[in-house]
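Single-letter residue listing:
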Amino acid sequence: MNEAPAVRGVILYGPPAAGKDTVTRALAGLDPMFSLFSRVKVGPGRSAGYRMGTSEQLEELRASGAVVYENSRYDSTYVTDRPGLDAAVVAGVPVMHLGQVDGVRAVLDGYPAQWLTVLLWCPREVTEARSNGRGDADTPARLAAWDATRADLDANPNFRFDLTIRTDEVGPEAAAAQIRQALTAPHGDLVLVDFDDTLIDRLSAVTDWVARYCTEHRLSPTVEQQMLEAMRIRADVKVIEALCAELELPESASELWSRYEPELAASVTPFPGVIEALTAVREAGHQVVVVTNGGTQIQHAKLKASGITGLVDDVCISEEVGVRKPDRQIFEAAATRVGRDLSQGGWMIGDNADLDVVGGRKAGLRTVWISHGRPWLGGVEPDHVVPTAVEAFALVQGGGW
């Protein structure tokens, strides 16, 4: 016997002028099954998009237990009611507009359905410009509501939205396409994460290896410093060959490389808390793919030695796919490996401003820069700056706010 289709709905949360109405119209244009859920409104102001009610009707809803959630704003009361939702889900896929995390929680807890929660976000200055541009008479009140929405997010750091869309960067049609795709996609975000000096402490391992090598062969501090400078970001056969030729090291390039590769792999360790954070973010339903520049053999050896191989959904290494970060193609390849598409959005987490932040932004991903205590030096800014990958994964689980 065929099961009845799941009841589905979309909750759009965001500050005033973030584009809830515009995105809802785009959704309806994309698929007529989507339609705005009209809340009951009791009070002054605009009536478009609401079912206008009276104080007596509001009391009847309260008395009968039909109120799923209510809130007051702009001298009016807005009610999400059970009879209205019952009618909306029969007609199609309701799109609900809410501006309070408590309201989103109330709907998720009080009206069982396959709800997709979407944070539509724009900066305060964008809200002000949009409000002035459409001739709102209450722009100061809307800016106060923007401040309240920001405070609401800050007060609920552990609440996770299924999807976050910056409407100052993404147009309404593209946002609608993301929402429709996400409503039927696997639960959780695509999380692309760098490997070296993001998940593992590669720099410390390289520094220790170079120091041991130079001590063993009684090489000068100057040679040690030159080797470290050359190998600190990238160390492959070509780098080793250049060092051997320039510094006249006591071993051939092939001998040095055959020694360096396994010894370094055996010495790398994850940063504190990374193993637990990776486990938690995947248990929450997110798909994690390591995206790293480097040689296939040494990267796989380090992944295995560090214990990370079995904790991620897949690995995308530049030598394997023939393209390096920050090229968009490597991010596309990583998404494809787990059945995703970059149009669905996601995250890029890494410690390199150019490779991870610039590359991730160009790929349409939200970016988290791992600072390790360093100041941001400018340029294309990440969406978030945190000291370690542990905090980055906590951001993902919290929806990014």
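The coordinates are above.
Residues numbered from 1 in each chain as written. Predicted model: local features only at pLDDT ≥ 70, side-chain atom pairs only at ≥ 80, totals over all residues. Heavy atoms only, no water.

### Re the pattern of salt bridges
Turning to step 1, where the next piece is worked out: Applying the stated criterion across every chain, the model contains 27 salt bridges.
Turning to step 2, where the next piece is worked out: A salt bridge links R232 to E229; the shortest N-O distance between them is 3.8 Å.
Turning to step 3, where the next piece is worked out: With relative accessibility at 29%, the residue R232 sits in the partly exposed group.
Turning to step 4, where the next piece is worked out: One network of salt bridges, with partners in common, ties together R134, D136, D138 and R142. (Salt bridge = Lys/Arg side-chain N within 4 Å of Asp/Glu carboxyl O. Buried < 20%, exposed > 50% of the residue type's maximum accessible area, 1.4 Å probe, protein only.)

### Here we look at the nonpolar core
Turning to step 1, where the next piece is worked out: Core analysis: the biggest nonpolar cluster contains 51 residues, and L199, M227, M231, L249, Y260, I349 and F393 have the highest contact counts within it.
Turning to step 2, where the next piece is worked out: It is helix α8 (residues 202-216) that provides the largest number of residues to this core, a total of six residues.
Turning to step 3, where the next piece is worked out: The residues touching L199, leaving out its near neighbours within four places in the chain, are V193, D194, P270, F271, V274, V290, I308, A389 and F393.
Turning to step 4, where the next piece is worked out: Of all hydrophobic cores here, the second largest spans 21 residues; its members include Y69, A88, M96 and L119. (Core = buried A, V, L, I, M, F, W, Y, C linked by side-chain atoms within 4.5 Å. Helix = DSSP H or I, 4+ residues; strand = E, 2+ residues; numbered from the N terminus. Contact = heavy atoms within 4.5 Å.)

### A word on the environment of T279
Turning to step 1, where the next piece is worked out: Relative to the assigned elements, T279 resides in helix α12 (residues 274-283).
Turning to step 2, where the next piece is worked out: Taking the C-alpha atoms as reference, T279 lies 9.9 Å from I308; in sequence the two are 29 residues apart.
Turning to step 3, where the next piece is worked out: Only 2.9 Å separates the side chain of T279 from the backbone oxygen of I275, close enough to count as a polar contact. (Polar contact = N/O pair within 3.5 Å; in protein donor to acceptor, adjacent residues only side chain to side chain.)

### Thoughts on helix α17 (residues 389-397)
Turning to step 1, where the next piece is worked out: The complete set of buried residues in α17 reads A389, A392, F393, L395 and V396. Angularly, the buried residues of α17 cover 150° about the axis, an arc narrow enough to put them on a single face.
Turning to step 2, where the next piece is worked out: Those residues of α17 that are buried lie in contact with β10 (190-193), α12, β13 (347-350), β14 (366-370) and β15 (384-386).
Turning to step 3, where the next piece is worked out: Remark: G399 follows α17 within two positions and exhibits a positive phi of approximately 85°. (Arc of directions from axis to C-beta.)

### With respect to the sheet that holds strand β6 (residues 76-81)
Turning to step 1, where the next piece is worked out: Spatially, β4-β3-β6-β5 is the arrangement adopted by the four strands of the open sheet, whose pairing is mixed. Strands with a single pairing partner mark the edges of an open sheet, and in this sheet they are β4 (51-52) and β5 (67-73).
Turning to step 2, where the next piece is worked out: Where strand β3 (residues 40-42) meets β4, two bridges bridge the pair, whose relative direction is parallel. Its bridge partner being in β4, K41 is matched across the sheet by M52.
Turning to step 3, where the next piece is worked out: In the packing of helix α2 (residues 55-63) onto the sheet, contacts are made with β3, β4, β5 and β6, and the angle to β6 comes to roughly 40°. (Pairing = 2+ DSSP bridges. Axes fitted to C-alpha atoms, helices over the stretch in contact; angles between N-to-C directions.)

### Digging into the pairing of strand β8 (residues 114-121)
Turning to step 1, where the next piece is worked out: Most of β8 sits out of view: seven of its eight residues are buried.
Turning to step 2, where the next piece is worked out: In this structure, strand β1 (residues 8-13) lies alongside β8, joined through six bridges in parallel fashion. Looking at β8, one finds that G9 is bridged to W115.
Turning to step 3, where the next piece is worked out: As paired strands, β8 and strand β9 (residues 163-166) are joined by four bridges and run parallel to one another. Directly across from L120, in β9, lies its bridge partner I165.

### A look at the sheet that holds β13
Hydrogen bonding along the main chain pairs the strands of a sheet, whether they run parallel or antiparallel.
Turning to step 1, where the next piece is worked out: On the basis of which strands lie adjacent, the open sheet formed by six strands has the order β12-β11-β10-β13-β14-β15 and parallel pairing. Two strands lie at the open edges of the sheet, namely β12 (314-317) and β15, each paired on one side alone. Strand-to-strand, the axes of this sheet are offset by a mean angle of 20°, without reference to chain direction.
Turning to step 2, where the next piece is worked out: Of the strand pairs in this sheet, strand β11 (residues 287-292) and β12 are connected by four bridges, and their pairing is parallel. Paired with V289 across the strands is D314, a residue of β12.
Turning to step 3, where the next piece is worked out: Strands β11 and β12 of the sheet are contacted by helix α13 (residues 296-306), whose axis makes an angle of about 150° with β12.

### Examining the packing of helix α10 (residues 237-247) against helix α11 (residues 253-267)
Turning to step 1, where the next piece is worked out: Two elements in contact, α10 and α11, have axes separated by 9 Å at closest approach and are oriented at 130°. Taken together, α10 and α11 sit at an angle that is classed as oblique. Handedness of the crossing formed by α10 with α11: right-handed. On α11, the residues that touch V237, I240, E241 and C244 of α10 are A253, L256 and W257.
Turning to step 2, where the next piece is worked out: Each residue belonging to the contact of α10 with α11 can be placed in one class, and the counts come to six nonpolar, no polar and one charged. (Parallel < 35°, antiparallel > 145°, perpendicular 65-115°, else oblique. Left-handed = near helix turned anticlockwise from the far one by under 90°. Nonpolar A, V, L, I, M, F, W, Y, C, P; charged D, E, K, R; others polar.)

### Observations regarding the side chain of T127
Turning to step 1, where the next piece is worked out: Topologically, T127 is positioned in helix α5 (residues 124-133).
Turning to step 2, where the next piece is worked out: Here T127 is in contact with P16, A17, C122, R142, L143 and W146, once residues within four sequence places are set aside.

### Side note on the pairing of strand β7 (residues 93-98)
Turning to step 1, where the next piece is worked out: Burial analysis of β7 places six of its six residues in the buried class, the great majority of the element.
Turning to step 2, where the next piece is worked out: Burial along β7 is two-sided: V93, V95 and H97 facing one way and P94, M96 and L98 facing the other are all buried.
Turning to step 3, where the next piece is worked out: Examined bridge by bridge, β1 and β7 share four bridges and lie parallel to one another. Within β7, the residue paired with I11 across the bridge is M96.

### Focus: the packing of aromatic side chains
Turning to step 1, where the next piece is worked out: As enumerated under the stated definition, the model contains eight aromatic pairs in all.
Turning to step 2, where the next piece is worked out: Arranged with centres 4.9 Å apart and planes meeting at 80°, the rings of F159 and F161 form a pair that is edge-to-face. Side by side, F159 and F161 carry an identical accessibility label, which is buried.
Turning to step 3, where the next piece is worked out: Taking 4.9 Å as the distance between ring centres and 75° as the angle between the ring planes, the aromatic pair formed by W369 and W376 counts as edge-to-face.
Turning to step 4, where the next piece is worked out: W376 sits in the partly exposed class, given a relative accessible area of 22%.
Turning to step 5, where the next piece is worked out: What links up through ring pairs into an aromatic cluster is the set W209, Y213, W257 and Y260. (Phe/Tyr/Trp six-rings, centres within 6.5 Å; stacked < 30°, edge-to-face > 60°.)

Geometry only, nothing functional implied.
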